[in-house]
Every structure is written in structure tokens, then in C-alpha cells.
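Working through the structure, step by step
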Amino acid sequence: MADSHASDRSCRWVRVVLDVPLPGPFDYRHDGPIEAGTRVIVPFGRRKLVGVVVDNPAEPAFDPAQIKAVEAVLQDLPPLSPDWLRLARFAADYYQRPLGEVILPALPGPLRKVSAYQGKRSAGGPVARQSRRRRAQAGQDAAAGEPPALNAPQQAAVDALLGCQGFGAWLLHGVTGSGKTEVYLRAAEGVLGRGLQVLMLVPEINLTPQFEAALRARLRHVAGEDGLAVLHSGLADGERLASWTRAASGQARIVLGTRLAVFAPLQSPGLIVVDEEHDPSYKQQDGLRYSARDLAVWRARDQGVPVVLGSATPSLETWHHAQRGHYRLLSLPDRARASSLPAVRLIDTRRLYMENGMSPQLLEGIGERLARGEQSLVFLNRRGYSPALHCPSCGWVSKCPRCTAFSVLHRGPHGKHRLQCHHCGHQARVPHACPDCGDQDLRPMGRGTQRIEETLAQAFPAARIARIDADSTRRKGSAQALFAQVHAGEIDILVGTQMVAKGHDFARLSLVGVLNADAMLFSQDFRAPERLFAQLMQVSGRAGRHDLPGEVLIQTGYPEQFVYQALMRHDYQGFARHALQEREATGMPPYAYQALLSAEARELSVALDFLQDAREAGLAGAAPPEGITLYDPVPLRIVRVADIERAQLLAESGSRPALQAFLRGWVRRLPELAGSRVRWQLEVDPLEI
Ligand code: ADP
Ligand code: ZN
Ligand code: ZN
């Protein structure tokens, strides 16, 4: 497999990108050109690394005498295609990352590990090994069922997508339960029928296995038995590699995946779908901090195919694009099955006696549903037993020793409590007495899902209660098992965090109760109201989706707030108008473009000094940047996590090209300013500030 060393004069230069924290690319010699997109093994320092060829330059960028030879050209897979490389280049450029740190992390693990190609057991590399193994067929498929006849707005949406020649971007704005999935299925069916591939992005696959099952069952006749490939971060290396190679070869007709699937290699794309396009999980939060939704739109334009972004509560960025005509709007204004949207009621908690966080109205509502054999959902975006433990006599509160955050009280498997930090994972025993004053009467402060579950069990001893949050679903497959129980009608009351809000179509769920929504109301983050509205709309949308009328009870101390008023009227458009006016008045996205420079260090002053230096360097460049605002560095609200202090600096501009041009120059100067005491990250279009 290894090519012989090229020592003759006729050798050529190849430019290779590597996943190393040094500015690349790197030049090597080889006895002939190597096609761009080919993976190679090259020496780097004392190591050997897998890299990807991006160019065959006429002259090397370094002294030819120092240039080493390519060790091996990997030919177990065809080279990465030119369009895939264009996508990677765009992402590197836009998100200000070295190309190697975009390309290599996007590949499945085995394709970028030297060990997979060397040594006794490697025999031909991971691709060859894998194709010898018989692939296990994915579990039993759901029965196909008779597809429903499309209603008029659904039909119009499908017609628009299938009538598209070349690139087109659509926003599919459909209320919860309006049948957006059905639109994706029919559009996909049409595109597959033309022999083209479909890329479908979803926020979460594990939480919505019905979606995958529906795709398999409904599209088997056009996609073939083995026509679906799934890509998400929970897959084992081998599975991810298998999906990747099937997508690249075109054997997989449909590629269904989470954000990382936007980098799936496609042979003949014909449609890109981004479901729940507003979902924050489309934003990668470390490494290359990309937005899979935004890259999906770029990719569709680059490849000349239609892209559809679907949501009941589009992000304000997307809604703004639709308002300006950049995206075409498709609306599904009514529910497909149920006769109406659920009735949303606000419960003013200011003058109520609450039973452990739950109002009499909510408890009564749950009781009625129980009596009728219907299901209820209690939504609380806070896991654990209670957010903190405290001492009423002296005011002591449990805090993480390593973070500026409370230590959360959790009930363990045998009813034993412990304290746990949600930021660094630090665990501690519950003290027998107050560490400050010695009082033994320590109390839980506030409520999490475990405590609500306990209260419900006391109030309704005969009810079958399930809790779905990150704690109750740690074991692989346990979330699916719990959701299956709900679907099967084996659960009466479901308690959960945002995990329960996503995409489920529960037939017998008729009541949704929302606790503690106000916590998000007064957040510092300017996107908090948008996120709260989307989250509550989504969780409300779980109620009354089939024949039963749905009811939503939102407990709040601020019923007059615009977010709640708009929710009560199911008025996304009114909410969006109001929120966009506010954004425009305050010069916030989508009326401005932002980038966030964050810094981490052992001491806060070190992080802040670096940011201050970066700010001055940015302002004092050869030509001070026009139209760019660099704000003062500020510590994060939770300033210390795992004994690391954190701060950030916001860069902003009314012009995206101006911001991009500024960042390109700025980012080059940062490594030197940071030295070795600061870790920094630059995030373009940050979601959380
Ligand atoms: P959304 O994704 O918009 O929230 P779903 O796609 O889950 O909504 O659809 C909600 C329910 O309506 C599902 O049970 C689905 O099978 C059903 N449905 C969708 N389209 C139709 C239709 N045209 N006629 C009857 N039922 C439909
Ligand atoms: Zn005390
Ligand atoms: Zn901590």
C-alpha cells in the first residue's frame, strides 16, 4: 500500500491539510500528482498522520530540502468530491478555522486514524474490513400503513418543492401537528423517484425513532431495502463509516442525520430538508462552531438543489429571510388531524397556594385526565430533585467548589440524595448538618423533575408515572423504551425536560402543564424570549394532536408578558413581528452580525487581559475597522467552571462581509496574543451570549 519514497528529480509537490493546531496546509513530495480530496499518510514531526490532499502546487511553500515524502496514498475510498471540498472550504472560511480542522474532524474516525491502516490487523484498511462484515439490518421496520391524502396546503408545499428547478430555499411554517413530516415524505418520494438523493437533518434522532421508522417504511419502494443511511454522533465508528461510504457511493438514497450529517458526502443530491430549523442543537458548540442549518442552505445553493426549512416557530433569522423574500414561505395553518390547536391558559401563580410547585388547576386537570384514561405531560426544564440545598437558619446554600454555580440535589437509585454540579459533574455527599452553622434542618430549595415526580406520585398514587430527562435516560435505548411505553398507553403522567417537547405524536395526550417558565423570561440573553416562545409552543403542541381536545396550562407570575399573550393566541407571527421590532430597535441580529471571542484561563484577569489586548489589536490595525464594534470584555455569568475562569468579547457589525473581512485579519493575530496561558475560541453567529 505504501508508495515508494520519491528520491528522483521528477517528484511533484502535494499540499496536504492535517488536523493539528498549527497553521497549515503542509507540503510534501510525491512521485506524481495526487488528486485533491485523496487521503494520504504523511510524517509530521515524529508522528504519522492521515491528511487530505487539497492541491498540487507548482512550487512548494517551504525549502524543498526540508520537505518529506508522502508515505502512503489511501485508495480504499474514492477521493472526497470537489463539491464536498467546496463545502469544507466555505465552512473553514466563514467560521474562521484552518481547513484541516474542518475536513478531518468531519470524516468518520477510522478514515483519519493511521492505526487503521498500519500493523498486522489492518489488512486493507477499515473500509475493506467493514465490507467483509455482513451488515446487520436495522431493526424491524414499522408497518407502512396507508399514507393519508394530502390536504390543500400540504399539496401546495409538495408541488412547490417538486416543481423547483435548481436552487430554491423554502420556509415551511406549519403549526404543531400540521403534518410537516408528511410534506417531507412526499417531497422526498418525488425526488427519490427521479434517482436523486435526499439529505434530511433533524435535531435529535434518538428521541424520535418513529421518524426514522416512517422514513424506512414509507420510502422503501423508491429508496430500496437498504436505501437509508443514518448519521449521528451516537453511532459507533464502524456504523458511522458504513453510513458515510453508502452515502458517498450513492447506495444510500436517503441520508438522515443530526447536524454533523450536513457534511455527509452525497453523490447526486436532489433535496435537503432541515426539520425544526430553529432548534439550537443545529449549532455545534465546540471545535468548528458551525450552524448545520446555515451550511445546509449554502450547500443547497452551491449544488443547485431545493432546501426546505421546517418549523412551527422559525428562528427570527429565518423568518426575517422569508419576510424579505430570500426564502419562499409555505404555510400549513391548521392541524392535519385534530380539529383545533390546544386551548392555552395562563395560570397566575401570584395569589395561589401551590402544592410543591403545582397549582390546584393543574392537579385538578391531571386528575380529570386520569379519570378519563387520557395522558398528561408536566414540563419542567430542570432535572434533579431541587436546584440547591439550603439552610433556613443561616442562609447557607450548596455550591460547587469548582464552579460559580449551585450544587444540585439529586435523588440516587436507592433514594439516597447526593449533590451534583451540572457544569463540571462534581459530586458530593449531602452534609448531615449545615457546614456554616451546624443546624441539621437543611431543606431542598426549589424543584426539579425528580421532586415533581415525587409530588405527583403522592397526589395520584394509582397513576403510572414516567420521568424523561437526561438522568432517567442515561442507558442507551432507555429513552426509546420510555417513549414506547407512552405510545403504548402504559403511562398516565409524563414528567420531563425539553427532551419530551421534541417531535412526538402522542395520540392520547390531552393535557400539558408548564412549570417555572418564568425562569427564562428575564435572562440576560437577548434570544431568551424567542427560545422560550419556541419551547413552549413546541411542548404545547404535544397536546390534543389526534381526536382528543388539547389543553395547555402555563403557570406564571407574569401572565401579561408578551411571550405568554402571544402563546395563548397561538400567534407566532405576532410574536415574531414584536420581537423583530425590538431587535431592530436595539441593533441585534438579524439586523446585525456578531462574532464572539471567548477566553479561558486559570485566573480571570489573564483571560480579561487577553481579550483587552485582542480588542486593542483589533481597533489599532493598519486601518481601524469601519463599521465594526468591539465591545468591552466581560466575565461570563457563570464565570468559573471546573476551576477555569471565563470571559468573552463581542464583535458586531451591520455588514456581514465587513465583519468577515475584519475577522480574517484579526484571528491571525490572536495566537500570539494568547500565548500559552489562555485558551480561546472564536464563534461566528453565536447563539448564546
Ligand atoms: P408536525 O410535524 O407538523 O407537528 P406531523 O407530521 O407529526 O405534524 O403530523 C401530525 C399528525 O397528523 C400525524 O399523526 C400525521 O400522521 C397526521 N397527518 C399528517 N398529514 C395528514 C393528512 N393529510 N391527513 C390526515 N392526517 C395527517
Ligand atoms: Zn446554616
Ligand atoms: Zn462544578
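These numbers come from a predicted model, not from an experiment.

Quick notes on the rules
Residues numbered from 1 in each chain as written. Chains lettered and ligands numbered in written order. Predicted model: local features only at pLDDT ≥ 70, side-chain atom pairs only at ≥ 80, totals over all residues. Heavy atoms only, no water. 1 Å grid on protein atoms, 1.4 Å probe; cavity = no way out; pocket = protein on both sides within 12 Å on 5 of 7 lines; lining within 4 Å. Points joined across faces, edges and corners; volume = space filled by probe spheres on them. Helix = DSSP H or I, 4+ residues; strand = E, 2+ residues; numbered from the N terminus. Nonpolar A, V, L, I, M, F, W, Y, C, P; charged D, E, K, R; others polar. Domains from an automatic or database assignment. Buried < 20%, exposed > 50% of the residue type's maximum accessible area, 1.4 Å probe, protein only. Contact = heavy atoms within 4.5 Å. Near = heavy atom within 4 Å. Polar contact = N/O pair within 3.5 Å; in protein donor to acceptor, adjacent residues only side chain to side chain. Areas by Shrake-Rupley, 256 points an atom, 1.4 Å probe, with all protein chains shown as cover. Sits in = over half its atoms within 2 Å of the grid points.

**Topic: the layout of surface pockets**
The calculated volume of the second largest pocket comes to roughly 1,200 Å³. Together, 46 residues line the second largest pocket, and Thr-181, Glu-182, Gly-503, Asp-505 and Arg-545 are the ones closest to its centre. Elements that contribute at least two residues to the lining of the second largest pocket include exactly helix H5 (180-193), helix H6 (209-223) and helix H13 (528-540). Tallied by class, residues from the lining of the second largest pocket come to 18 nonpolar, 15 polar and 13 charged. Of the domains in this structure, domain 2 (152-332) and domain 3 (343-386 + 446-582) are the two that each give at least three residues to the lining of the second largest pocket.

**Side note on unusual backbone geometry**
That bond from Gly-24 to Pro-25 is cis: its omega, -10°, falls within 30 degrees of zero. The topology assignment puts Pro-25 in the loop between strand S1 (12-17) and strand S2 (26-30). The peptide bond linking Pro-589 to Pro-590 adopts the cis configuration, its omega dihedral lying at 10°. Considering the arrangement of structural elements, one finds Pro-590 in the loop between helix H15 (572-586) and strand S24 (593-601). Look at Asn-356: it is not a glycine, yet its phi comes out positive at around 50°. Mapped onto the fold, Asn-356 is located in the loop between strand S13 (343-348) and helix H10 (360-372). Look at Asn-356 and you get partly exposed, because its relative accessible area is 25%. Positive phi, normally seen in glycine, also occurs at His-570, with a value near 55°. Relative to the elements of secondary structure, His-570 occurs in the loop between helix H14 (562-568) and H15. Overall, the relative accessible area of 24% leaves His-570 in the partly exposed class.

**Here's the deal with the environment of Arg-47**
In this structure, Arg-47 sits in strand S4 (residues 47-55). You can call Arg-47 partly exposed: its relative accessible area is 48%. Remark: the alpha-carbon pair of Arg-47 and Val-114, spanning 67 residues in sequence, is separated by 9.7 Å. Once residues within four sequence positions are removed from consideration, Arg-47 is found in contact with Val-20 and Val-42.

**Brief notes about the site of ligand 1**
Around ligand 1 sit 18 residues in total, of which Ala-149, Gln-154, Gly-177, Lys-180 and Asp-505 are the nearest. Backbone polar atom of Ser-178 to an oxygen atom of ligand 1: 3.2 Å apart, as the coordinates give it. Contact between ligand 1 and Arg-545: an oxygen atom at 3.0 Å from a side-chain N or O atom of the residue. Here ligand 1, which alone exposes 560 Å², has 81% of that area covered by the protein. Structurally, ligand 1 is housed in the second largest pocket. Here the residues of the shell around ligand 1 sort into five nonpolar, eight polar and five charged. Split by domain, the residues of the shell around ligand 1 number at least three in each of domain 2 (152-332) and domain 3 (343-386 + 446-582).

Function cannot be read off these values alone, since they describe shape.
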